[in-house]
Number of protein chains: 2
Amino acid sequence: MVKTPETHSQSTENKILEAAKKVFILHGLEGTSMQQIASEAGINKSLLHYYFRTKEKLFDAVFTYAFHYIVPQMEGILSSDSGINDKIERIVTEYMDMLSENKFIPAFILHEINRNPDRLYNIMQKSGIKPEMFVNQFVNEIQQGNIRPIDPRQLIINILSMCIFPVAARPLIQRIFFGNNENAYRQFLEERKKVVSEFIIQSIKP
Amino acid sequence: MVKTPETHSQSTENKILEAAKKVFILHGLEGTSMQQIASEAGINKSLLHYYFRTKEKLFDAVFTYAFHYIVPQMEGILSSDSGINDKIERIVTEYMDMLSENKFIPAFILHEINRNPDRLYNIMQKSGIKPEMFVNQFVNEIQQGNIRPIDPRQLIINILSMCIFPVAARPLIQRIFFGNNENAYRQFLEERKKVVSEFIIQSIKP
DNA sequence: GTCTATATTGTGATAGAC
DNA sequence: GTCTATCACAATATAGAC
């Protein structure tokens with residue numbers, strides 16, 4: 001994105017990216033101004049255009065970054081040689097931990113993919129996501145009789161749903177069920193890791 | 001919102017609201033301009049301010065409307081005297097049908113509650129949502145031994161997650177699993193009503 | 001590379017004629 | 001009630017000095 005010599009400009013480009021992540025993910029593309037990002041980065045507005053020609057291009061960089069958070073890296077775990085129950089538990093635990101640490105990313109991504117699906121098209125071209133990666137692993141488990149027959153896509157979405165939704169809808173759930181108590185909800189999500197694992201495991205028993 | 005005589009102005013206020021729903025739910029508060037809404041309604045920009053003083057107030061009306069779509073009306077079903085399995089199936093089916101017909105509302109709400117939780121606070125004050133309504137019904141079922149012991153809040157969120165998420169994340173899932181085929185995804189959601197019901201039922205067996 | 005200054009367009013909102 | 005005209009300001013983006 002920047003020319004080759006770069007005295008200490010790598011640092012500046014990085015400051016911009018970090019600031020842009022922070023602000024874009026909180027307020028979305030349309031809810032964010034270049035001035036906000038510049039202020040957050042402690043630099044001038046014009047510099048943003050110097051490094052990333054347009055607001056749209058800067059946003060693309062942030063979106064790409066955030067996107068990889070909601071497409072989980074299940075493959076390593078699934079292709080290991082543990083039992084299916086252990087695999088489920090590891091996936092759910094690691095995924096929910098990651099989401100909890102980036103709690104604004106789910107709603108951010110969900111909003112932007114509905115607002116502009118074309119951006120999704122472009123980004124998925126580049127990142128070589130192969131749905132078979134996920135699906136085949138579950139097909140194997142079914143063929144070996146480890147889990148009962150089920151559309152693997154439905155199962156995958158069940159898992160993702162129960163991990164992602166409570167983070168994306170946090171402000172609502174936290175208020176309805178926990179009187180807006182931040183810590184109570186954090187603990188609820190902590191317990192939920194076990195709940196979701198058992199829930200999934202129970203539901204796929206042959 | 002409008003004075004009492006109103007020649008045929010009721011119709012105008014309604015045209016505005018319908019247009020505002022359409023545009024706000026698609027593009028969000030910040031992604032929508034008053035001009036867009038006026039054009040959609042086929043009227044002048046100033047009229048919007050005449051009926052709803054500010055953009056914020058017009059948005060509040062739309063948000064309130066949309067909000068009632070994602071807080072489901074479980075109570076009638078839960079307090080009926082059917083078996084728990086029938087109740088689950090009815091809730092899931094009716095809720096997913098409603099969401100499918102309003103497929104942009106879930107992501108819209110999820111975005112706006114994260115962007116401005118205070119709005120949620122105000123609206124929930126007015127709409128008398130009592131979490132106990134939902135929770136108590138499940139507590140009853142547990143006490144009668146119809147379902148195994150579980151935190152009712154976790155169970156409720158499991159149900160909501162699996163119904164709402166596949167609608168909110170539709171553009172992403174549709175592209176990954178269905179080559180962006182709209183009809184294929186519609187059918188997938190149709191089958192999913194049965195899948196989710198069975199999934200829940202299986203997981204709560206005592 | 002980084003800044004200031006500026007161009008240009010679009011925004012929410014109001015005033016006032018009819 | 002509905003319109004036109006207009007205000008005050010904020011937005012993205014560029015030009016040009018250093």
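Please read these numbers as outputs of a predicted model, since none were measured by experiment.

Rules of the game
The numbering scheme is per chain: residues are counted from 1 as the chain's sequence reads. Chain letters and ligand numbers both follow the written order, the letters beginning at A and the numbers at 1. Only residues with pLDDT of at least 70 are given local features in this predicted model, and only at 80 or more are side-chain atom pairs given and counted; all residues enter the totals for whole chains, interfaces and linings. Hydrogens are left out, water is left out, and the side-chain values use all remaining heavy atoms of the structure. Note that the domain bounds were set by an automatic or database domain assignment. We call two residues contacting when some pair of their heavy atoms lies within 4.5 Å. By buried area we mean how much accessible surface two parts lose on assembly, using a 1.4 Å probe and totalling the loss over both. Each reported salt bridge corresponds to a side-chain nitrogen of Lys or Arg within 4 Å of a carboxyl oxygen of Asp or Glu. We call two N or O atoms a polar contact when they sit within 3.5 Å, provided that within protein one can donate a hydrogen and the other can accept it, with sequence-adjacent residues counted only if both atoms are side-chain atoms. Secondary structure follows DSSP: runs of H or I at least 4 residues long count as helices, runs of E at least 2 residues long count as strands, and numbering of each begins at the N terminus. Following the grouping adopted for this structure description, the nonpolar residues are Ala, Val, Leu, Ile, Met, Phe, Trp, Tyr, Cys and Pro, the charged ones are Asp, Glu, Lys and Arg, and the polar ones are all others, Gly among them. In these notes, a set of buried Ala, Val, Leu, Ile, Met, Phe, Trp, Tyr and Cys residues joined through side-chain atoms within 4.5 Å is what counts as a nonpolar core. Using a 1.4 Å probe on the protein chains alone, a residue whose accessible area is under 20% of its type maximum counts as buried, one over 50% counts as exposed, and one in between counts as partly exposed. For helices, the fitted line uses only the C-alpha atoms of the stretch in contact; every axis is such a line through C-alpha atoms, and the angle between N-to-C directions lies from 0 to 180 degrees. Angle categories: roughly parallel below 35 degrees, roughly antiparallel above 145, roughly perpendicular from 65 to 115, and oblique for all the rest. Working rule for helices: expected span equals 1.5 Å times residues minus one. Directions pointing from the helix axis toward each C-beta atom define the arc.

Caption draft 1: Region of the structure containing the domain arrangement of chain A. Residues and elements named next belong to chain A. Here chain A is described as being made up of domain 1 (9–65) and domain 2 (71–204). Here domain 1 and domain 2 have C-alpha centroids that lie 29 Å from each other. Taken together, the 13 residues of domain 1 in the interface contact twelve residues of domain 2. Together, the buried faces of domain 1 and domain 2 total about 1,100 Å²; carbon and sulfur atoms form 72% of this surface. When the buried surface of domain 1 facing domain 2 is broken down by residue, Ile 25, Phe 59 and Phe 63 rank first, second and third, together holding 54% of it. The tally of links from domain 1 across to domain 2 stands at three salt bridges. Where Arg 119 meets Glu 56, a salt bridge forms, and the shortest distance between an N and an O atom there is 3.3 Å. Viewed at the interface, domain 2 and domain 1 are joined by four residue pairs in polar contact (both at pLDDT 80 or more). Elements supplying a minimum of two residues to the side of domain 1 that touches domain 2: helix H1 (9–27) and helix H4 (55–70). For the side of domain 1 that touches domain 2, the class distribution of residues is eight nonpolar, two polar and three charged.

Caption draft 2: Examining the nonpolar core more closely. Counting residues in each nonpolar core, the largest one holds 145 residues, and the members touching the most others are Phe 67 of chain A together with Phe 67 of chain B. Setting aside chain neighbours within four positions, we find Phe 67 of chain B in contact with Leu 172 of chain A together with Ile 109, Leu 120, Ile 123, Met 124, Ser 127 and Ile 129 of chain B.

Caption draft 3: Local environment of the interface of chain B and chain A. The interface is formed by 53 residues belonging to chain B together with 53 residues belonging to chain A. Each partner contributes to the roughly 5,100 Å² buried at the junction of chain B and chain A, and carbon and sulfur atoms together form 71% of this total. Together, Phe 165, Phe 177 and Phe 199 of chain B form the three largest contributors to the area buried by chain B at its contact with chain A, with a combined 14%. Seen at the junction of chain B and chain A, the total is zero salt bridges. The tally of links between chain B and chain A comes to eight residue pairs in polar contact (both at pLDDT 80 or more).

Caption draft 4: How the structure looks around the packing of helix H7 (residues 105–115) of chain B against helix H8 (residues 117–126) of chain B. Residues and elements named next belong to chain B. Packing of H7 against H8 brings their axes to within 5 Å, and their N-to-C directions diverge by 105 degrees. Between H7 and H8, the angle is such that the two are roughly perpendicular. Between H7, through Ile 113, Asn 114 and Arg 115, and H8, the contact on the second element is made entirely by Pro 117, Arg 119 and Leu 120.

Caption draft 5: Representation of helix H9 (residues 131–143) of chain A within the structure. The end-to-end C-alpha separation of H9 of chain A is 18 Å, in line with the 18 Å expected for 13 residues at 1.5 Å each. If you check which residues of H9 of chain A are buried, you get Pro 131, Phe 134, Val 135, Gln 137, Phe 138 and Glu 141 of chain A. Angular distribution of buried residues about the axis of H9 of chain A spans 160 degrees; they occupy a single face of the element. Packing partners of the buried residues in H9 of chain A comprise helix H5 (75–78), helix H6 (84–101) and helix H10 (152–168) of chain A together with helix H11 (170–178) of chain B. Just past H9 of chain A, the residue Gly 145 of chain A takes up positive phi, approximately 75 degrees.

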